[in-house]
Amino acid sequence: MNAYVAALNAGDTSALAALAPPGNEADAEAAERVEASGGRGLKVTRVDIAHDFGPDFATADLSGTDKDGKRYSERLALSRHEQAWFVALGENPKGRDKSPASTATP
């Protein structure tokens, strides 16, 4: 979560995209998140993590304030791959392949 907030505060799209799971194309979503919350000087005062779907998936609820004292809160989906945690950003291009059933004509 520290790397996520640091990337937002720095407005660093590349650093944010690097937090996505391996193989995901996250540049566009990272840019959107930086545009929405980047450079706000976020200070996270609370992080609540829950494992709702087994040990390799979690949600993180972040809350705090920005440099102007405005409230900040965000929920992130997390996944673990090979002992490292990643923020669910972007999409895996392999997941876009259509199955044979979806391309069949009636």
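Check the entry above for the structure.
Fair warning: this is a prediction, and the values are worked out from it, not measured in the lab.

### Here we look at the layout of surface pockets
- Of the volumes computed, that of the largest pocket is approximately 150 Å³.
- If you go around the largest pocket, the residues you meet are Met1, Ala3, Tyr4, Leu19, Ile49, His51, Ala58, Leu78, Trp85, Phe86 and Val87.
- Secondary-structure elements contributing two or more residues to the lining of the largest pocket are helix 1 (2–10) and strand 4 (84–87).
- Split by residue class, the lining of the largest pocket holds ten nonpolar, one polar and no charged.

### Here's the deal with unusual backbone geometry
- At Glu82, a position not held by glycine, the phi torsion is positive, near 50°.
- Within the element layout of this structure, Glu82 appears in the loop between strand 3 (71–81) and strand 4.

Cut-offs and rules
- Residues numbered from 1 in each chain as written.
- Predicted model: local features only at pLDDT ≥ 70, side-chain atom pairs only at ≥ 80, totals over all residues.
- Heavy atoms only, no water.
- 1 Å grid on protein atoms, 1.4 Å probe; cavity = no way out; pocket = protein on both sides within 12 Å on 5 of 7 lines; lining within 4 Å.
- Points joined across faces, edges and corners; volume = space filled by probe spheres on them.
- Helix = DSSP H or I, 4+ residues; strand = E, 2+ residues; numbered from the N terminus.
- Nonpolar A, V, L, I, M, F, W, Y, C, P; charged D, E, K, R; others polar.

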